[in-house]
Amino acid sequence: MTGIFWWVIFPYITVTIMILGLLYRYAFRQLTWAAPSTEFLEKKWLRFGSPLFHWGIIFAFIGHVMGMVIPIEFYHALGISDHAYHFGAIYGGGLVGLMVVAGVVILLIRKITIDPVRIKATFSDFFAVLAVLFVAATGTYMTIIYNTTVVEYEYRLTIGPWFRSLFMFQPRYDLMENVPMIFKIHVIAAFALFASIPFTKLVHIFSIPIKYPTRPPQQYRSRSNYKRQGL
Amino acid sequence: MRIKAQVAMVMHLDKCIGCHTCSVTCKNTWTNRPGTEYMWFNNVETRPGPGYPKRWEDTDRYKGGWELNNGKLKLRAGGPISKLANIFYNPNMAEMEDFYEPWTYDYDHLIHSPKSDHLPVARPKSQVTGKYMDKPEWGSNWDDDLAGGSEIVPLDPNVEKMQEHIKMEYEKTFMMYLPRICEHCLNPSCVASCPSGALYKRDEDGIVLVDHDACRGWRFCQNGCPYHKVYYNWNTHKAEKCNFCYPRTEAGLPTICSETCVGRIRYIGVVLYDADKVKEAASVEDPQDLYEAQLSCFLDPFDPKVQSEAREAGINDAWLEAAKESPVYKMAMKWKIALPLHPEYRTMPMVWYVPPLSPIMNHITNEDELNTDGYIPAVDQMRIPVEYLASILAADDKEVVRKVLLKLSAMRVYMRGKTVGGVDEFKQSELVKQANTSPEEIEEMARLLGIAKYDERYVIPTGRREMDDDLHYKQGTCSLEDLAPQEGLHPTFGYMKAREKNYESG
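Residues numbered from 1 in each chain as written. Chains lettered and ligands numbered in written order. Predicted model: local features only at pLDDT ≥ 70, side-chain atom pairs only at ≥ 80, totals over all residues. Heavy atoms only, no water.

Note the following rule: UniProt positions are given in the numbering used here, feature names are shortened, and annotations may be inferred rather than shown by experiment.
Per an unreviewed UniProt entry, chain B goes by the name Nitrate reductase subunit beta and belongs to Ornithinibacillus caprae. Under Subcellular location (unreviewed entry), UniProt gives the following word-for-word description of chain B: "Cell envelope".

Chain A goes by Respiratory nitrate reductase subunit gamma in an unreviewed UniProt entry, where it is assigned to Ornithinibacillus caprae. What UniProt states about chain A under its Subcellular location (unreviewed entry) heading is, verbatim, "Cell membrane".

Here we look at the sheet that holds strand 1 (residues 220-221) of chain A
Here is the rule we go by: Only when DSSP finds a minimum of two bridges between them are two strands counted as paired. A run of H or I in DSSP counts as a helix once it spans at least four residues, and a run of E counts as a strand once it spans at least two, with each numbered from the N terminus.
Strand order in this open sheet of three strands is 1(A)-8(B)-9(B), and the pairing throughout is mixed. Strands with a single pairing partner mark the edges of an open sheet, and in this sheet they are strand 1 of chain A together with strand 9 (208-210) of chain B. Looking at chain direction, strand 8 (residues 199-202) of chain B and strand 9 of chain B are connected through three bridges and run antiparallel. The partner of Tyr 200 of chain B across the bridge, within strand 9 of chain B, is Leu 209 of chain B.

Some words on the packing of aromatic side chains
Residues and elements named next belong to chain B. Using the following cut-off: Ring geometry is summarised as follows: Phe, Tyr and Trp rings, the Trp one being its six-membered ring, pair when their centres sit within 6.5 Å, and such pairs are stacked at plane angles under 30 degrees, edge-to-face over 60 and tilted between the two. Relative accessibility under 20% of the residue-type maximum defines a buried residue, over 50% an exposed one, and the middle range a partly exposed one, all with a 1.4 Å probe and only protein chains included. Counted as over-ring charges are cases with an Arg CZ or a Lys NZ within 6 Å of the ring centre that also lie within 35 degrees of the ring normal.
Per the stated rule, a full pass over the model turns up 37 aromatic pairs over all chains. Both rings, one in Tyr 100 and one in Trp 103, keep their centres 6.0 Å apart while their planes meet at 85 degrees; by these two values the pair is edge-to-face. One exposure class covers both Tyr 100 and Trp 103, and it is buried. Relative to Tyr 107, the ring of Tyr 105 has its centre 6.0 Å away and its plane inclined at 65 degrees; by these criteria the two rings are edge-to-face. With relative accessibility at 34%, the residue Tyr 105 sits in the partly exposed group. Geometry around Tyr 132 places Lys 125 over its ring, the cationic atom sitting 5.4 Å from the centre. It is Arg 180 that lies over the ring of Trp 56; its NZ or CZ is 3.7 Å from the centre.

A short note on the sheet that holds strand 15 (residues 351-354) of chain B
Residues and elements named next belong to chain B. Taken in spatial order, the five strands line up as 13-12-1-15-14 in an open sheet, and their pairing is mixed. The strands lining the two open edges of the sheet, one partner per strand, are strand 13 (298-299) and strand 14 (339-340). Bridging between strand 1 (residues 3-12) and strand 12 (residues 266-274) involves nine bridges; their strand directions are antiparallel. Its bridge partner lying in strand 12, Met 9 is registered against Ile 268.

So this is what it looks like as structure tokens:
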């Protein structure tokens, strides 16, 4: 029963909260939708913390796609042995994990010690940073310490297929039963973090300006055109 | 040809007394909210001096505006790809220290402090942190009237590159005021810098605005603008900038800074320009050709061909009439006495400046004995070095500034001659020839510059409304309506589309 709750009900509820929350915020509270940079208030710490953290997160995302979304059979078809995969995952993933943790720790120290940054930070700002730190720390611990000291855990046979099964709406929660505790905590914390996204500054994840490189540099808007477009 | 109309401003610096009334009324109107305390959409700088924010003209540091790269116009701070690579930390962005930490005073203490032997003091309190400040050390006009003198003046990037030594002795130094608002450029680099496409130029009047719903706070506009006139609101995390008081100009009223200018230095009018020419004009090789190139974009409002094409482009008769009467057209394009601020940034700025005359140094002891042509060399010996003015207004082209000063001197000599005699001498003089002017033009100029009637300073056609479907509904509604999304549900979700249909059917 607890298996059904954590590996079926909980993921769907959290993701639903995320999607509905995002739609609500986009529709009614778009004025608050921004990447709330504090670079204006402080630059020196940000210079190291922010790029470390953000680039780390981007690489970590790619790593998760490689581990969770792409099936193990794909690697086998390419002739990549399990050992070679884990070698890459532990070193690459470990480095990226350390980048994220180091970056987020620098940003957290900055948030606590720099007066204007701390005073402007809200509960949701601290929550977002601490939640990301927790998820990143468990992930990095798994990658670097658990995988090298306890067992090179093959999550591509359990967590990966379970994760994909969520998208088919046929959750194979039984796969998660024997997953090591630290992995379980990481997954649950991550889904809890997803649910919080619409209510924190993390919404800016969804506004990557992908159109910028292709749009014309100068933008004109017109009252009459605005009406003609029916917006 | 793609004709567009642009509302623009001229500031006649000779008449600016540096009273900051424009800044104060602007602040009271637009930037008195949390997060905007440090912003001055309008500020007045004493020159020479570092300005606000400190050393904003240092394009090597802030990387604002455009540059020519292998003949192609590129943002100095880098194109979209390098911007996206720097999105997590913008190395060129100014921080609060470059502006100043805004503060207020603990006035309450003056009223409520208990009886004591000493007078109570209102201590400065930061408006960012709310904490007491030890002492404020910089502000938007900290160096007003050359305060700080020889310590502060050398920070001016224009002074740094000057060959001529600037004298700082009280009797010999010089000073001028430079009021600045957003330039509402023809080729705005802030718009091109915005990853979200939130900044835009209005088709109807060329005003550059920020769509706060679309702004995601990527903050490239802040240093993308070489004039540093786009500000980052640290409270809402959105960009804010001068909006040319469009709710006023749409109603035919001048901007609040112009309306309240006690020196009557500001002029607002409409000019017509060819939007197809802008990019080419901004891409000329030599920065000193940019002024002429920019002038070539403007169209003669008296030309019947221009008029008919403008009508086709949707510009109505009220705007065409206003373009003919436009003080900006007269001063900047016809008489050529107003110059763009730092044309070398290649943004094609649309706030123009009539450079100030200043007392003539050492050369003339008794002006009564000076003959008319004696004023020609005098232009080069004015207290404000032509080199300095050229650095600000003409991409270091002294000849451009010299011509303007000569024309303004000619006006002064002629108008003086009308009272004390010497008009006939003036008409024959070398001065009138070199200044490339005539008594008729001078009379017209003197009226606009000297008498400066309200109706002649501000020729502002009202914003167009005839394309609105339901003018009856529009009565009394906010001017933002239909331009900005409505309050409540975002238009993406179809609410406004539904309303639009209702309009059409009913």
